[in-house]
Amino acid sequence: MREAAGVDEALAAVRREAERLGGSVEVFAEEYLEHARHIEVQVARDRHGTAVTLGDRDCSLQRRHQKVVEFAPAVLEDAVREGMHASAVAVVDRAELVGLATVEYLWAPGSGRWTLLEVNPRLQVEHTITEEVTGADLVRGQIRLALGEDVAVAGLVAEPVPGRRSLQCRVTAEDVTATGWAPATGIVSDLVLPSGGGTRVDTHLTAGTEVTGDYDPLLAKIVVTTDGDPAGLLSRARAALAETSISGLPTTLPILRAILASVRLDGDDYDTGLLDRSLADLVELAKEHGDPSDTRPGADVDADRGDTARLVEQGWLVSRTGGTVTAVEVDEGQDVEAGGLLVLVEAMKMEQPITATAPGRIVELAVAVGDTLRAGDPVVRLEHDGDHDGDAGEGQDIDPADVRPDLAALLERRATTRDDARPSAVEKRRARGRTARENVADLCRGGDLVEYGTLAIAAQRRRRDHGDLVAKTPGDGMVAGLARLLGEEFADSSPEVAVIAYDYTVLAGTQGQINHAKTDRVLELAERRGYPVVIFAEGAGAPR
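Residues numbered from 1 in each chain as written. Predicted model: local features only at pLDDT ≥ 70, side-chain atom pairs only at ≥ 80, totals over all residues. Heavy atoms only, no water.

Asks: Can you lay out the nonpolar core for me, pointing to particular residues and giving the numbers?
Replies: Counting 41 residues, the largest nonpolar core has Leu61, Val69, Leu167 and Ile246 as its most contacted members. Among the secondary structure elements, those contributing two or more residues to this core are β3 (66–72), β6 (164–172), β13 (218–227), α5 (230–243), α6 (253–262), α7 (274–277) and α8 (279–286). For this core, the leading source of residues is α6, giving 6 residues. Ignoring any residue separated from it by four or fewer positions in sequence, one finds Leu167 in contact with Val69, Glu70, Phe71, Ile129, Ile222, Val223, Val224, Leu233, Leu234, Ala237 and Leu265. (Core = buried A, V, L, I, M, F, W, Y, C linked by side-chain atoms within 4.5 Å. Buried < 20%, exposed > 50% of the residue type's maximum accessible area, 1.4 Å probe, protein only. Helix = DSSP H or I, 4+ residues; strand = E, 2+ residues; numbered from the N terminus. Contact = heavy atoms within 4.5 Å.)

Asks: Please give an account of the pairing of strand β1 (residues 37–45) that cites residues and values.
Replies: Judged by how many residues are buried, β1 sits mostly within the fold: 9 of 9 residues are covered. Side-chain alternation along β1 places Arg37, Ile39, Val41, Val43 and Arg45 on one buried face and His38, Glu40, Gln42 and Ala44 on a second face that is also buried. Bridge analysis of β1 against strand β4 (residues 99–108) gives 9 bridges, and the strand direction is antiparallel. Pairing of His38 across the sheet is with Leu106, part of β4. Here β1 pairs with strand β2 (residues 51–63) via 6 bridges, running antiparallel. Residue pairing for β2: Ile39 is matched across the bridge by Asp58. Taken together, β1 and the strand that follows it, β2, pair antiparallel across an intervening segment of 5 residues, in which Gly49 is found at a positive phi of about 90 degrees. (Pairing = 2+ DSSP bridges.)

Asks: Give a description of the sheet that holds β13 that names residues and reports values.
Replies: Taken in spatial order, the 8 strands make up an open sheet running β5-β4-β1-β2-β3-β6-β13-β11, and their pairing is antiparallel. Either end of the sheet is taken by a strand with one partner, and the two such strands are β5 (113–120) and β11 (199–203). When strand polarity is set aside, the average angle formed by the axes of neighbouring strands in this sheet is 25 degrees. (Axes fitted to C-alpha atoms, helices over the stretch in contact; angles between N-to-C directions.)

Asks: Let's hear about the sheet that holds strand β24 (residues 478–484): which residues, and what values?
Replies: The 4 strands lie next to each other as β23-β24-β25-β26, forming an open sheet whose pairing is mixed. This sheet does not close on itself; its edge strands, each paired only once, are β23 (449–451) and β26 (533–536). Geometrically, the sheet is characterised by an average inter-axis angle of 25 degrees between neighbouring strands, direction not taken into account. Bridge count between strand β25 (residues 496–502) and β26: 4 bridges; the pairing is parallel. In the strand pairing of β26, Val499 is matched with Val534.

Here it is, written out as structure tokens:
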């Protein structure tokens, strides 16, 4: 708050949220630093009282105080970094923390002032970039600290590698317009994620995943890492976002591309308010950075929820976003003024107000506190002729025999890895011998094969079309896994072996990046379990 006007309304909103989340209406007020950056220090402390820092992160690129893009390490003056790190250790020592914590600060570069913001004694969403620049496994280390190990044994004494930088983009299901960000819902119809060296993706998505308003709209974390300057890091991040495509619902991919096209990580022209101040310009820029697979705002509304246009014609105000109703401020029959608050919907820890678009009288209320809404659901109807005759909210009968879209997509994708999906390549191979899958099938003779990396493709997405790679580089040229052998010679037992079969029909047996990773994994499992290893070695050299 910059002015006294509106404090009462803001205080009421904060207390309402605090009571809903924590059962208390106590509110803590703190100084607000203008044009500040949001800096975090990652700390670990063991039961012996040894505390260490694992670098810092800049989380200043936010909208409405929700992080959008983070990078590590932060661009800081040495004195500021040393002061923050010392402060962070003092904070966790005072609290006698055992585990991981993120100590967060606001820093105003213009004045040089910095102040403690909050402490989160847990992993943060952006822990990925700290892992990338330090090489530490924070998830495993946190568990080992909880088991009583010290920070060194837990692998948490790790300084950022000099010159290494990492950046994370949070891809969310949101409808972004010049007026704000609103959570979106839908079903993922197609999904392409980036890959290659220096790229990491953390996600739960598959084709067919339904994204509802019941949870945080985070879809994926796209993380890139490089050894070089901030400009090189941004270039790598832009390339990763260009490879990414999510169809079926609105996402923040276009706005993320616009952000990365317009910021400098080593400049002094950004702070926690930059994205909010620049939203209209970023939305315009995002139109140049969309792609045909992105479902744009204003897309389909679920037929079960009623036709949005018809509802609006009947005087209904509909929810622009999915979420939970936290307050209903009007009653049926009540007169309201234009702009008056009618209903509050909470989505992604933020309240989304639904206000009257014109003066009128509330004829009908379709919601109550605690109801869950989806985008396009009717909320209140201002005085209009006609009645709403929709059946919003009715469930659908599910036929157990129906194949879910995500499962159908998986089965279709798996089919592309089989010999019969590649008749031309297989015919050429059979002119000289047998295919890799035929060799493995003959070895197993009807036994089980737990295949590893079936859906892998060659790591060439930046220079080749994804569909072409799926069709021509199945498994990145290798059939590998663990097999249980059957046959007359094994009448009294079914031995298990590790199998590696190089596929000459894929890039003439070239061993690519994913191919090597599959080899390493299968050999690691074989060593751990004591299995024999069977290798069918094929390549461009002379046959053996």
